[in-house]
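This is what each chain is made of:
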Amino acid sequence: MTKSAELVRRCELAKPADGGCAWCAKPRPKGRRMWCGGRCATAFWKNHWWSRARRAAKRRDKYACVRCGGGRPLEVNHIAPCLGAHGVVSCAHHLVNLETLCVPCHRTYTYASSR
Ligand SMILES: [Zn+2]
Ligand SMILES: [Zn+2]
Ligand SMILES: [Zn+2]
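Residues numbered from 1 in each chain as written. Chains lettered and ligands numbered in written order. Predicted model: local features only at pLDDT ≥ 70, side-chain atom pairs only at ≥ 80, totals over all residues. Heavy atoms only, no water.

To continue, consider helix α1 (residues 3-10). Within the span of α1, buried status applies to S4, A5, L7 and V8. The arc that holds every buried residue of α1, seen down its axis, measures 165°, which confines them to one face. Turned more than 90 degrees away from the buried face of α1, the exposed residues are K3, R9 and R10. Against α2 (38-48) lie the buried residues of α1. (Buried < 20%, exposed > 50% of the residue type's maximum accessible area, 1.4 Å probe, protein only. Helix = DSSP H or I, 4+ residues; strand = E, 2+ residues; numbered from the N terminus. Arc of directions from axis to C-beta. Contact = heavy atoms within 4.5 Å.)

Here is the structure:
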C-alpha cells in the first residue's frame with residue numbers, strides 16, 4: 001500500500017470506498033489506482049502536500065493576510081501545529097488548518113507553530 005493510500009484511510013476529508021475513488025468514493029475508471037479523476041487527485045494533494053497546500057491557501061485567501069489584510073511577502077501558517085510535517089504527506093496540511101499571514105502577523109501569531 002502506498003503512503004497516500006494509508007493516509008487517506010485515516011483522513012477525515014476523504015471517503016474511501018473499496019474499489020472506488022479514494023477521495024470521493026465514486027466508481028474508478030479502469031486503470032486508475034487511487035482516484036476517479038484528476039480533480040480528486042488534485043483535491044488530495046492540495047490538502048496533504050505542503051507546497052501544493054501552501055499555494056492553494058494563498059489563492060483561497062486572495063493573496064492577503066487574513067488578520068490585517070496586508071500583502072506580500074506572505075507566509076502560510078498551520079493553525080494547529082504541523083510538528084515538522086512540512087516534508088511529508090500529512091493531514092496537518094488540510095486547507096482548513098492553514099491561514100495566510102503577512103510576515104509581521106506570522107511572527108505575532110506563530111506561538112503555536114514554528115512556520
Ligand atoms: Zn473521486
Ligand atoms: Zn498581517
Ligand atoms: Zn487528510
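Here the focus is the coordination of the zinc ion (ligand 1). Protein-derived ligands of the zinc ion (ligand 1) are C21 (SG), C24 (SG), C36 (SG) and C40 (SG), with the metal-ligand distances lying across 2.3 Å. Around the zinc ion (ligand 1), the four donor atoms sit at angles spanning 106 to 114°, and that spread fits a shape best called tetrahedral. Counting residues between consecutive donors of the zinc ion (ligand 1) along the chain gives the motif C-x2-C-x11-C-x3-C. Of this pair, C24 sits in the loop between α1 and α2 while C36 sits in the loop between α1 and α2, placing them 12 residues apart in sequence. A relative accessible area of 23% places C36 in the partly exposed class. (Donors = N, O, S within 2.8 Å, 3.2 Å for Na, K, Ca; no water. Tetrahedral: all angles 85-135°; square planar, octahedral: opposite > 155°, others 65-115°.)

What follows deals with the nonpolar core. Counting residues in hydrophobic clusters, the biggest one holds 16 residues, and the most contacted among them are V8, C21, W23, W35, C40 and F44. Counting residues per element, the ones that place at least two in this core are α1 and α2. When neighbours within four sequence positions are excluded, V8 is seen to be in contact with A14, P16, A22, W23, W35 and F44. (Core = buried A, V, L, I, M, F, W, Y, C linked by side-chain atoms within 4.5 Å.)

In this section: the domain arrangement of the chain. Each domain of the chain was delimited in the assignment, giving domain 1 (1-48) and domain 2 (50-115). Relative to domain 2, the C-alpha centre of domain 1 lies at a distance of 24 Å. Contacts between the two partners involve 10 residues from domain 1 and, on the opposite side, 11 residues from domain 2. Taking both sides of the interface into account, the surface hidden between domain 1 and domain 2 amounts to around 960 Å²; carbon and sulfur atoms contribute 64%. Contact with domain 2 buries area across many residues of domain 1, yet K46, N47 and H48 alone supply 54% of it, more than any other trio. If you look at where domain 1 meets domain 2, you find zero salt bridges. (Domains from an automatic or database assignment. Buried area = accessible area lost by both parts, 1.4 Å probe. Salt bridge = Lys/Arg side-chain N within 4 Å of Asp/Glu carboxyl O.)

Look at α2 against helix α3 (residues 50-60): their axes get within 5 Å of each other, and the N-to-C directions meet at 90°. Between α2 and α3, the crossing angle belongs to the class labelled roughly perpendicular. On the side of α2, the interface is formed by T42, W45, K46 and H48, while α3 contributes W50, R52, A53 and A56. Of the residues that constitute the contact of α2 with α3, the class distribution is four nonpolar, two polar and two charged. (Axes fitted to C-alpha atoms, helices over the stretch in contact; angles between N-to-C directions. Parallel < 35°, antiparallel > 145°, perpendicular 65-115°, else oblique. Nonpolar A, V, L, I, M, F, W, Y, C, P; charged D, E, K, R; others polar.)

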